[in-house]
6 protein chains.
Amino acid sequence: MILSFSTCVEVEAHLRSGSRTIVIPIGSTEQHGPTGLLGTDWMCPEIIAARAETQSNQVLIGPTFNVGMAQHHLAFPGTISLRPSTMMLVLKDWISSFCAQGFQTIYFLNGHGGNIPTIEAAFSEFYAEASYEKRRSSLILILRNWWQLAGVEELARRQFPHGHGSHAEPSEISVTQAAYPASIKTAHCHPPIAPSGPVRDALDFKARHPDGRMGSDPLQADPRHGEDLIALAAQGLLAELAALEAGHDQLG
Amino acid sequence: MILSFSTCVEVEAHLRSGSRTIVIPIGSTEQHGPTGLLGTDWMCPEIIAARAETQSNQVLIGPTFNVGMAQHHLAFPGTISLRPSTMMLVLKDWISSFCAQGFQTIYFLNGHGGNIPTIEAAFSEFYAEASYEKRRSSLILILRNWWQLAGVEELARRQFPHGHGSHAEPSEISVTQAAYPASIKTAHCHPPIAPSGPVRDALDFKARHPDGRMGSDPLQADPRHGEDLIALAAQGLLAELAALEAGHDQLG
Amino acid sequence: MILSFSTCVEVEAHLRSGSRTIVIPIGSTEQHGPTGLLGTDWMCPEIIAARAETQSNQVLIGPTFNVGMAQHHLAFPGTISLRPSTMMLVLKDWISSFCAQGFQTIYFLNGHGGNIPTIEAAFSEFYAEASYEKRRSSLILILRNWWQLAGVEELARRQFPHGHGSHAEPSEISVTQAAYPASIKTAHCHPPIAPSGPVRDALDFKARHPDGRMGSDPLQADPRHGEDLIALAAQGLLAELAALEAGHDQLG
Amino acid sequence: MILSFSTCVEVEAHLRSGSRTIVIPIGSTEQHGPTGLLGTDWMCPEIIAARAETQSNQVLIGPTFNVGMAQHHLAFPGTISLRPSTMMLVLKDWISSFCAQGFQTIYFLNGHGGNIPTIEAAFSEFYAEASYEKRRSSLILILRNWWQLAGVEELARRQFPHGHGSHAEPSEISVTQAAYPASIKTAHCHPPIAPSGPVRDALDFKARHPDGRMGSDPLQADPRHGEDLIALAAQGLLAELAALEAGHDQLG
Amino acid sequence: MILSFSTCVEVEAHLRSGSRTIVIPIGSTEQHGPTGLLGTDWMCPEIIAARAETQSNQVLIGPTFNVGMAQHHLAFPGTISLRPSTMMLVLKDWISSFCAQGFQTIYFLNGHGGNIPTIEAAFSEFYAEASYEKRRSSLILILRNWWQLAGVEELARRQFPHGHGSHAEPSEISVTQAAYPASIKTAHCHPPIAPSGPVRDALDFKARHPDGRMGSDPLQADPRHGEDLIALAAQGLLAELAALEAGHDQLG
Amino acid sequence: MILSFSTCVEVEAHLRSGSRTIVIPIGSTEQHGPTGLLGTDWMCPEIIAARAETQSNQVLIGPTFNVGMAQHHLAFPGTISLRPSTMMLVLKDWISSFCAQGFQTIYFLNGHGGNIPTIEAAFSEFYAEASYEKRRSSLILILRNWWQLAGVEELARRQFPHGHGSHAEPSEISVTQAAYPASIKTAHCHPPIAPSGPVRDALDFKARHPDGRMGSDPLQADPRHGEDLIALAAQGLLAELAALEAGHDQLG
């Protein structure tokens, strides 16, 4: 069930049927090197979540959180970034909205490494209100990066043993190529595998990584690899959601 | 040109070619009565902008701002709302991102009446920084509701002379029906035309409008009317964008 | 009853007598062209509210909110502006103060168009707290521009059929001339009717409107017209307050 | 020169004539016991500043800041309070407005002891921006309580040797009685001199001070004493302003 | 009992034994002239609290709040300052933490005059939440400067009749010399007694006070005087804490 | 060189000598199970930094940041926590203070896992200001957990092959035992190795971990192991600082 394409009556019935979990694809709109789409990081979790949804009518997918924390990419046109403090407030408002409606678990399926500290800080900020007031929080908040789903990172490393890197990676670009074959881009990249380095401000980043890649060779991307990644990740997502609905309480 | 499906290299080339305007579809994820999709308000501007983009390679469409100010709808499951203060910070961050990259005009194509005061306040907040510092702002910020585009409101009133109302309107639902025929919903509504009333908090709203409609009869929605609205709105959008690129400076 | 000139004992007795509404005149301290007083926008609602108060001992008038959102006028000396975000916090604190004391309706009688989005956003921010927590708000918040009171705008258009404009208007200046005849100012204005234009930052505004007027010819101002406007607006205000006290719940 | 009753043209001419100081009367709207007006704390500095203005055409008086930090009085109806954090933002915006217009000294003439820490914190907040950026601040910010003006506190102690107290004091009530003789109130107070105590939250305050007075016997108030206080304070204010205009830089 | 050197089990037992007060030494890290340690202002209250703790097993000392509001000293390397608004949020979080754990009185023993307005504003901010909600606050918040403890200021004035001043004072430097004799510094100072002046931004401060001293001759510092101050202050602190535990409710 | 025990003259000389890095020990005040000190997390980095300082006169150690993000421990008395949003503002102010004084690298030596997301988000928040403004940041910000220093984690795993766990670990407790042998605590723990689990709000945490430990057996702590950890960590810290001073720019 895709929330945006449903009515409030349908969502209410879904909740009444006992499903209390919502999946929020969350990513970023940011440069992904010479061939990666600016939407790569929000597309990947959206694609995987949508695939999972076709396989289970228990799954509810919320709207995609499509602009995240990408300050270090701002020197590349098309990048949009929230400040961490802003993103924390947005997450609080999204979470508070669901809180009032009977949801129990908000599962953020993340596609952007740069979002992780901010999402975790936002969770702590939300839980802190309960902690200061000595009450139990009514919600379980989960952050899962799609590459952490069962077996996915291993598959990616087998697919791309060299030059996977840490930004504009062939795995994520393969996922978007599988889903949007009309938007496959080509380019030349020098050197084939980009350098690595620390992440500071945007001009420092661009000086270290002139074409935007970090440690990666995205030209290895292949839509068939993308399809394999999507299928495996969707399966892993369904398994986690089933465990949550069954009351498993060790995820965090 | 759709930003999310482009690379940063393509956006940079677009800017270098002289096009300095970006269109941001902005809406809300909120209840739209028994038959309206929760995504109606962000879908309408996204659909219209996408139509315009197919007709001009000068047009750049940014990612959709899909959760807005909808606090009064929170009693209906599936609604997500930002606080006005949060939404103002998000708009500031989006605008600041473009500001550093050579854009000149950020054109928000809005699909949700409830967003208007917050967007206008966010614009004033952005301009105020320049005003306190006695410098010219480098950006032109424009808010246009899609129904304000040339001729659109008049067409909607001709299509739906009775029961157009002010929420879950047959016009906006027709637009989503035209774009997503697989998601057309049916229901019975009593009374045919819903009551009107003031907007306060969510429980007050639900008490006044038990099925979510305000003054409207959305069952009149028709995808053919939607198609006509999309075509006319896309044409109006292109005309405004052309005027802006030509240096017309009276829009605000 | 004027709150500032009363004791807390008197206000308490007033509340105990069943009157639960307070009127807050709200405006701005900002340039009003060559002849308009900097206080015009807070004076108008204060004058009208004070007139109404002389006609009914049921009416309670709070202190005047005399500095509002006027960032676009900052290039003219004497203008003072709050950021929208600041003004929202101030409104929240005023409203919260009354909330704890038994008031039911806070009626903002506004004299400055530039305040409208910020006041509306502040109302949504206040209501949102209740909406997220699934509780009814205990307060009714009303924004009424004095020129929207029954018949007032029509009278002003009859008085000033040409050159009424949208800033430094002859109607508002007439109101202050009627109330403060010792402060009537004279000047020459060229052109007689000032140009219109969009509102952005302060330097842009001053470049478009070098003497501060927008679309208006304030030299038409006349204290006798002002007196007629005050009398009619006070009558309209009393009618609305009576409706509210009688339980009418459609105002918003 | 009273800013609100002047035009921007007049204020600009005033600044051009070399006068760079503005006086802001600042107070509170809060209970002042059984006989004190709710507006006492903003009226006193406004009255004194207005008197000074009648004696010198060099003096510019800004709009009155009429709602301050009065959280401890909120249990008494009619009290309005800003949070300290809100008031600091408001002060920042007022100060920033003047900063862009050529003012050099913002002189806050204060009428409410409870405002002092917040105003001082706001000054530090403003100066801190300059300090972090290693630049000189362009403004001099001054806080002066009206009872600190030369000789005033001594006069009040002579007028009211017993029961002056620290809230709802006979001196401040005398000042308002002198200025607004039509609003003199009478009541019985038991005990004649109210108890003192610490200031915490509003219910604690009301439990300690059931009629709102702190250590005072306001029934001693006398409009003739008020007139003497006004005259002396206005003289002290003029002396400080003259020293500032003459370049004296030891006030703070 | 020193909280940081205790376990949570020990603190819980302490609370259960009936002791409900915690002492927080609070100061600043800021320049103290040519011979004063950067930590002087947090060391003094920490030293005094530690001394008191050795004399009573009833006393609980929390961690030292070692960076405060010192914006005016930022031009001297090694100074660290919080903005007042930041410090207010930190104080709120510390206080809220204790609030949930059964503490009743949070006693801030302060060593820095520049902290006073911010701490007082933070207390009002905390109490205001209760006041707006018409409930009693569960905590008593106390601010005591160590030099205000019984007899201490008098002793300092006897020890240093000339050149005590208001920053980098011989008394506070004596206290650190007594506690940390290995860190006694020497220097020449001209003039022997530094000038006084207003406190504004950091560059203004440094221009008025080139070596950081304000009105003081810190070369008079003597560890034997410091020992006398510590002993007297510790005794005064124990007396106040005993009064609080005995239910004395006039401190504030 | 310990900043708090130095004068501003000494810090200025240190900077002028070419050393531009400052080490900030950062931790938390939070429960550490039945035997761990509440100050464990700020003591460990302070102890290691102090040891390093005794071995090199190039090293400058700032004041200890002793209260961090520990909301999940608030149900245990003595724990103090900042909200993530508060801690981000504090870090911004500390960093901004150093920024104005000629420092180049701020090296946070962290002792609390729960601080990591907030510190990383604070760094992004700081860098973002530069990124939005298209300028290079003047500072390098580094976060290093003390157990990440060369060889330290390996040593701890050799010392405690079973029951090291993730909170109230024998390694950190050993470090405090080595430094403060007078504060070694004893207790019985059941089960010997505590359970693991997700981190949510404070009451959830206490329900899962009734005595505060997570996956650890802190009774294995031994001051001799602590001494070995301190020596190795100090050596690793000195190596990293030397690399930074030598211009190595890959740390992040």
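This text goes with the structure placed above it.
Heads up: these notes are all about the structure in this document. (Residues numbered from 1 in each chain as written. Chains lettered and ligands numbered in written order. Predicted model: local features only at pLDDT ≥ 70, side-chain atom pairs only at ≥ 80, totals over all residues. Heavy atoms only, no water.)

Tallying each qualifying case throughout the model produces 72 salt bridges over all chains. Glu129(A) serves as the salt-bridge partner of Arg83(F), at 2.9 Å between the closest nitrogen and oxygen. Of this pair, Arg83(F) sits in the loop between α2 (40-55) and α3 (84-99) while Glu129(A) is found in helix α4 (residues 116-132), placing the two residues in two different chains. Taking the shortest distance from any N to any O, the salt bridge between Asp204(A) and Arg208(A) comes out at 2.8 Å. Here Asp204(A) pairs with Arg208(A), and both are found in helix α7 (residues 202-208), just 4 residues apart, close to one helical turn. Considered together, Asp204(A) and Arg208(A) belong to a single accessibility category, that of buried residues. (Salt bridge = Lys/Arg side-chain N within 4 Å of Asp/Glu carboxyl O. Helix = DSSP H or I, 4+ residues; strand = E, 2+ residues; numbered from the N terminus. Buried < 20%, exposed > 50% of the residue type's maximum accessible area, 1.4 Å probe, protein only.)

Here we come to the sheet that holds strand β2 (residues 105-110) of chain C. To summarise the sheet geometry, strands pair through backbone hydrogen bonds and adopt either a parallel or an antiparallel arrangement. Residue and element names in this part refer to chain C. The parallel open sheet is built from 3 strands, whose spatial order is β1-β2-β3. Two strands in the sheet have a free side with no partner beyond their single neighbour: β1 (21-26) and β3 (140-145). Mean inter-strand twist for the sheet, computed between neighbouring axes without regard to direction, equals 20°. Helix α3 (residues 84-99) rests against β1, β2 and β3 of the sheet, and its axis sits at about 155° to β1. Against the sheet, helix α4 (residues 116-132) contacts β1, β2 and β3, and its axis sits at roughly 175° relative to β3. (Pairing = 2+ DSSP bridges. Axes fitted to C-alpha atoms, helices over the stretch in contact; angles between N-to-C directions. Contact = heavy atoms within 4.5 Å.)

Time to look at the interface of chain D and chain E. The parts lose accessible area when they come together, and the size of an interface is often stated as this lost area. Counting from both sides, the interface comprises 41 residues of chain D and, opposite them, 41 residues of chain E. For the pair chain D and chain E, the summed buried surface comes to about 3400 Å²; carbon and sulfur atoms form 54% of the total. Area buried by chain D at its contact with chain E is led by Arg83(D), Tyr132(D) and Arg200(D), which between them contribute 18% of it. Here chain D and chain E share 4 salt bridges between them. Arg136(E) is the partner of Asp204(D) in a salt bridge, and the nearest nitrogen-oxygen pair spans 3.3 Å. Of all the secondary-structure elements, those providing two or more residues to the side of chain D that touches chain E are α3 (84-99), α4 (116-132) and α7 (202-208) of chain D. Taken together, the residues that form the side of chain D that touches chain E break down as 18 nonpolar, 11 polar and 12 charged. (Buried area = accessible area lost by both parts, 1.4 Å probe. Nonpolar A, V, L, I, M, F, W, Y, C, P; charged D, E, K, R; others polar.)

Fair warning: the whole summary comes from geometry, so function is off the table for now.
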